[in-house]
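# Understanding the architecture of this molecule
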Amino acid sequence: MKILFLLALCIACGGGDSRPEKIEKLRAIGVATSPIIQTPSTPDSPKTATITFYAAAPFGKNFEVRPFEVNAINPLTPGITIKAGSIKYQDFSQFRIFSVQASAVVPQESASLSALLAERGSTTYRFGIKLKNGEEEEKIVADLIVAAKDQAPTDIKTTKITILTPIDKSQISTETLQLRANIEDTNEGETYKIAWFVSSGQVKNRRAIETELKEAQAGPVTILVTVRGSKSGTFAYSAVDVTAM
Amino acid sequence: MAEKFVAFFIAACCISLHPLLIFADDNDVSIHIRELGTGSSLSKVEVTLGNTSLQSDAKGLVHIQRPKEDEILTFHKNGFTNLDIPFGALESTDDGCQVFLEPKLVDGDVVTVIGEKRPTIATKVLNQDEIKKTAPGGDPVMVATLLPGVQSGGFDKRLIIRGSGPDDSVYLIDQLVLPFIFHPIGNTSIIPDSLIDDITFSSGNFGGQYGNATGGVLVVNTKSMIPKKSEYEVKLNVPMYFSAFAQTPIDDSSAVSAYIRYSTIQYILPSVLKSLEKKNYSDSLTVIPYFGDAHAQYLSLSDEGKEKTTFLSSFDGLKAAFPSDFSSSEDGQSSVDFRTSFYSLSHNRQKRLTKDWTYNTTPNFLRTKDQTQFLGNRVNVESNSINIPYELSYRRSKREKDYLGAEISQSRTFIDVTVPKFQRDAVFPDFEDGQTESRQISVDATVLSTWYSGSFVLGDFDVEPGLRLDYNNFMQKSSLDPRTNFRYHLNEDATLKAAAGIYSKRPEYDELDKTFGNPELGYEHSIHYAAGIENKWGTLWTSDLQIFRKDFYDTVRTDSQGSLQNSGSGQSHGFEVFLRRNQTSRLFGWVSYTYAVSKERDTKDGYYIPSNYDRRHMFVMAGDYTFTSTLSLSGNLNYQTGAPYTPVADVYYNANIDRYQPQIDASKRNSERLGPSMLLSSYLNQKLLADTWTLNLRYGFENAALIRSPRSVSYNYDYSEKRGVSDLPFIPFIELGAVF
């Protein structure tokens, strides 16, 4: 019977009406920080990190943005400040991606932070924002990574991703379409997590760099892919508009 | 004269060389009378030919003067259908003729007597027929799920007894403690019905001979009968497994048996998956489960007792790869690799020392191995143990006995783990991407146990005191558990009973590790209280009413700092009603109802919440009706109210793992409840008799939902939609077994 249970779980991962790849309401897609990894501030030179929250939503929705306090046990977690007028939109044919920038002051060197960094090499601080539109609400959290000076990597690349197939503005089949992406500027020893998003249809395996889109509705279709570095937290996305026929 | 002597000499030689030649005369014929379906020779069969009446001998042979072809022979034996047949229709063999008599159902209210067992007030004993015919899914051990106080159904068949978790109970085969009794994959038990004599199940208040359990005890007693002839059985259970069994007598007092079972589901599942998988995505999903088990046993009986040497082995495995949000690899697949196995070699010896003294011992070696890999994490556990239990019993009178036992267990457990590192300041666990840590742990433990239990009769009052002492040298801790049962015989048909006792269980060895657990942990305990009344209603019906209460304390819980402590406690209480129709040739069955409340708390000053096993009402009806000697109908009806679950309080998108994660409000743990379910299972047991072999057919359905409710709750990707994880599906099945 456990087999049946596992089977049910597996099938649930691949099917269902509510599919994670389909952008039909407000949906977070990722967070980028810059610099990717920080070293502690010093009293003389406080450092600021820029945190960019990304979300996708169908057209016609505007959201309020607020920071919210994550119930963190780490007492050193500083607050974040949302930059006024930082909401930016990038429109595609079937949905829009918008970004919100916030800033955080990197915690200063202290005895407790030094002890933590000596033990672990790095530590994380968790931040969050809340997007709200009436009853629709999305809470997004991410980490700011702070590393000891002698352990902070200096050569972390900002990863990029591109969609190789299909080509932007091309015509595709409504039945089966090959999806293929390419990750560029990868960091050694890093693992990357892929996520596909679409305006219609179903993605066979949304975590695979090479997969299939099926049953796209005839007409314009937007295909989005994101990538996130598991260790560094580096984030990038790419999208194409195609026409399904 | 010389010619006569030579003729006599030749005749004598012929007789001595071949006894059948005595009937070389055309006027004599030998008839071999056998049982249809097995081919066994039948003795004492009354054979009538005209006015002549004869009886078959011990070899099933009867010798008659050759009648005319159309003369009617009548064969009669109690328990078999009478047969009238013309002589000419008898089947000819090289040695004469043979005839097969068909067993018939003997009507009447003769109750099958269940053997004497060590008395405790919450014990139920089920005999082989009850087990074979009513067992859900055709699995004998599963019959325990139909008894009062036991939660059943769902995907996990392990026993949840009177509010105790599935790991709080112990399973034994004879005196050997098994690491598990159900295949974790196949969900059948690891013990074939061909090996089982009866099953003894205690839902609490068990005797001092059982330790390391705070829930219940399930004991499978293996057969102690020497078969009359060699017997072979092959069985195909569609879709789960194929098995083969053989037993043969060596002589009048010893026999050997062997059994092997191997799963077939791994050959069937891929095609099922292909047809079930939506949108033809079956190539993304790989599930390869397999399981099997085997045993071999040597049985020897003597006037002084019996000896059994048993080899038992079981293995399960599952390899699965499927698209998953947990995946961090470019193919988007997650994988699971799970393997578990054990084997044991034991020698059980029960011997009468004097008229009143007997002993029972089962020295055994047990090896278990578990390997689990999931998302780059692994937990491997290997254990070897030698256990020597020894129990002396002394019979003071017919109803009074003393049992004094001791056991020494020496085990070496090796644990190799790579798991996510727990960080105290992590609000959201990043399971798949978080830091991991590895550790190898080796545990050498010696456990010494001793126990006493006895029965004293004081007029109409029986007292059964017991005491168990365990010492674990790895923990450097001991437990002392007094237990007592009382019975008061109101009259011949009614007995009042009550019991109380303390039960202890050690933490798992990985919980005692200084990195992952807490070396200071002590035993978990529970106190069982029960009282009730047993009634006989004539010879056919018995009833048992019990009220019970279990107090759990020192249970292992994780504190707010993430470390393990003996800080948990809990309680379950309720009552059980059990009405049994004793087995006769046509009918047996039982009805049970359990009302139970189960609650727990993590700390001594915390507040109680419903436990995960808090199901308030359970009703079971199970039984079998035999139409003919070759056809019977079995079934069970199972009603249970829903278990509690914890609602999701809030949801966050965690960019670190690109997934939504729920947050739980600790004050609302198990605050909501699933709906009730009522499932019906029914099977036909049919025998098709050939001359010397039988085809056993068992077919029917399981889990026809009269009321269907979710077993648990699942959510969509962002927790905005709640869905029920459905109960077990309707399962038709067929089992074919050929017995030779």
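Please read these numbers as outputs of a predicted model, since none were measured by experiment.

Cut-offs used in this document
Residues numbered from 1 in each chain as written. Chains lettered and ligands numbered in written order. Predicted model: local features only at pLDDT ≥ 70, side-chain atom pairs only at ≥ 80, totals over all residues. Heavy atoms only, no water. Helix = DSSP H or I, 4+ residues; strand = E, 2+ residues; numbered from the N terminus. Contact = heavy atoms within 4.5 Å. Areas by Shrake-Rupley, 256 points an atom, 1.4 Å probe, with all protein chains shown as cover. Buried < 20%, exposed > 50% of the residue type's maximum accessible area, 1.4 Å probe, protein only. Arc of directions from axis to C-beta. Polar contact = N/O pair within 3.5 Å; in protein donor to acceptor, adjacent residues only side chain to side chain. Salt bridge = Lys/Arg side-chain N within 4 Å of Asp/Glu carboxyl O. Domains from an automatic or database assignment. Buried area = accessible area lost by both parts, 1.4 Å probe. Pairing = 2+ DSSP bridges. Phe/Tyr/Trp six-rings, centres within 6.5 Å; stacked < 30°, edge-to-face > 60°. Lys NZ or Arg CZ within 6 Å of the ring centre and 35° of its normal. Core = buried A, V, L, I, M, F, W, Y, C linked by side-chain atoms within 4.5 Å. Patch = residues over 30% accessible without salt bridge, like charges linked within 9 Å, V, L, I, M, F, W, Y side chains within 5 Å.

Counting secondary structure elements, chain B contains three helices and 46 strands. Once local pairs closer than 6 in sequence are excluded, the contacts in chain B between residues at least 24 apart make up 62%. Accessible surface for chain B amounts to roughly 33600 Å². Of this, 57% is attributable to carbon and sulfur atoms.

Summing up its helical and strand segments, chain A has two helices and 17 strands in all. Across the 245 residues that make up chain A, the buried fraction comes to 55%. Look at the contacts in chain A between residues 6 or more apart in sequence, and 68% of them connect residues 24 or more apart. Element-wise, carbon and sulfur atoms account for 48% of the exposed surface of chain A, whose accessible area totals about 10800 Å².

On to helix α2 (residues 111–120) of chain A. Residues and elements named next belong to chain A. Taken together, the buried positions of α2 are Leu 113, Leu 116 and Leu 117. Angularly, the buried residues of α2 cover 95° about the axis, an arc narrow enough to put them on a single face. Projecting away from the buried face of α2 at angles above 90 degrees are the exposed residues Ala 111, Ala 118 and Glu 119. Among the structural elements, β8 (122–133) and β9 (136–147) are those in contact with the buried residues of α2. Backbone nitrogen of Leu 113 and a side-chain oxygen of the N-cap are separated by 3.2 Å at the start of α2; the cap is Ser 110.

Once that is clear, we can look at the pattern of salt bridges. Residue and element names in this part refer to chain B. Evaluated as defined, the whole model comprises 39 salt bridges over all chains. The shortest N-O distance in the salt bridge between Arg 439 and Asp 513 comes to 3.0 Å. Of this pair, Arg 439 sits in strand β26 (residues 436–454) while Asp 513 sits in the loop between β30 (494–505) and β31 (524–537), and the two are 74 residues apart along the sequence. Asp 513 sits in the buried class, given a relative accessible area of 5%. Arg 669 serves as the salt-bridge partner of Glu 600, at 3.5 Å between the closest nitrogen and oxygen. Here Glu 600, found in strand β34 (residues 587–601), pairs with Arg 669, found in the loop between β40 (659–663) and β41 (672–673); they are 69 residues apart in sequence, far enough to count as distant. The exposure class assigned to Glu 600 is buried, which follows from its relative accessible area of 13%. Look at the salt bridges and you will find they share partners, linking Glu 464, Arg 487, Lys 497, Glu 534 and Asp 544 into a network.

Here we come to the domain arrangement of chain A. Residue and element names in this part refer to chain A. Each domain of chain A was delimited in the assignment, giving domain 1 (1–152) and domain 2 (155–245). Facing the 20 residues of domain 1 at the interface are 25 residues of domain 2. Buried area between domain 1 and domain 2, both sides added, is near 1900 Å², and the carbon and sulfur share of it is 65%. The largest share of the area that domain 1 buries against domain 2 comes from Glu 21, Ile 29 and Ile 36, three residues that together contribute 29% of it.

Here we come to the environment of Asn 518 of chain B. Residue and element names in this part refer to chain B. Mapped onto the fold, Asn 518 is located in the loop between β30 and β31. Look past the residues within four positions of Asn 518 in its chain and what remains in contact with it is Glu 511, Leu 512, Asp 513, Leu 564 and Gln 565. At a separation of 2.9 Å, a polar atom in the side chain of Asn 518 contacts the main-chain amide nitrogen of Glu 520. A polar side-chain atom of Asn 518 sits 2.9 Å from the main-chain carbonyl oxygen of Leu 564.

Residue and element names in this part refer to chain B. Alternating residues of strand β5 (residues 72–76) divide into Leu 73 and Phe 75, all buried, and Ile 72, Thr 74 and His 76, none buried. Bridge analysis of strand β2 (residues 46–49) against β5 gives four bridges, and the strand direction is antiparallel. Counted as the bridge partner of Thr 48 is Thr 74 from β5. Where β5 meets strand β6 (residues 83–86), four bridges bridge the pair, whose relative direction is antiparallel. Note on β6: the bridge partner recorded for Leu 73 is Ile 85. Counted along the chain from β5 to the antiparallel partner β6, the turn is six residues long, and its residue Gly 79 has a positive phi close to 90°.

A few words on the pairing of strand β22 (residues 357–361) of chain B. Residues and elements named next belong to chain B. In terms of burial, β22 is largely enclosed, as four of its five residues are buried. Relative to β22, strand β21 (residues 333–352) runs antiparallel, the two being bridged by four bridges. Note that in β22 the partner of Arg 352 across the bridge is Thr 358. Linkage of β21 to β22, two consecutive antiparallel strands, is achieved through a turn of four residues. By the bridge criterion, five bridges tie β22 to strand β24 (residues 377–397) in an arrangement that is antiparallel.

With that out of the way, let us pick up the sheet that holds strand β13 (residues 192–198) of chain A. Residues and elements named next belong to chain A. Reading across from one edge, β11-β17-β16-β13 is the order of the four strands in this open sheet, with mixed pairing throughout. Edge strands, defined here as strands with exactly one partner in the open sheet, are β11 (171–172) and β13. Where β11 meets strand β17 (residues 235–244), two bridges bridge the pair, whose relative direction is parallel. Each bridged residue has a counterpart across the sheet, and for Gln 171 the counterpart in β17 is Thr 243.

Here we come to the packing of aromatic side chains. Pairs of aromatic rings are described using the distance from one ring centre to the other and the angle between the two planes. Per the counting criterion, the structure on display carries 24 aromatic pairs over all chains. Note on Tyr 653 of chain B and Tyr 660 of chain B: the rings are 5.3 Å apart at their centroids and 65° apart in plane angle, and the pair reads as edge-to-face. With respect to class, Tyr 653 of chain B is no different from Tyr 660 of chain B; both count as buried. Connected via pairs of aromatic rings, a cluster forms that spans Tyr 54, Phe 235 and Tyr 237 of chain A. The aromatic ring of Phe 197 of chain A is capped on one face by Arg 206 of chain A, whose charged end is 5.0 Å from the ring centroid.

Ranked by size, the top nonpolar core spans 34 residues in total, and within it Leu 159, Leu 178, Ile 181, Ile 191, Leu 218 and Trp 590 of chain B carry the most contacts. When residues of this core are traced back to their parent elements, those giving at least two are β12 (170–173), β13 (176–178), β14 (196–202), β15 (217–222) and β36 (617–628) of chain B. No other element matches β14 of chain B, which puts three residues into this core. If near-sequence neighbours (up to four positions away) are discounted, Leu 218 of chain B is found in contact with Val 141, Ala 144, Leu 159, Val 170, Tyr 171, Leu 172, Ile 181, Ile 199, Thr 200 and Phe 201 of chain B. If you look at the next biggest cluster of nonpolar residues, it comprises 31 residues, including Ala 55, Ile 80, Val 106 and Leu 144 of chain A.

Along the chain, Arg 126 of chain A turns up in strand β8. Separated by 2.7 Å, the side chains of Arg 126 of chain A and Asp 143 of chain A make a polar contact.

This part is about a nonpolar patch on the surface. Residues and elements named next belong to chain B. A grouping of Tyr 232, Val 234, Leu 236, Val 238, Phe 242, Trp 693, Ile 734, Leu 736 and Phe 740 is seen on the molecular surface, where their side chains present a nonpolar patch of about 720 Å² in accessible area. Looking at the nonpolar patch, the elements with two or more residues in it are β16 (231–238) and β46 (731–739). Take the nonpolar patch: its biggest share by element is four residues, from β16. The topology assignment puts Leu 736 in strand β46.

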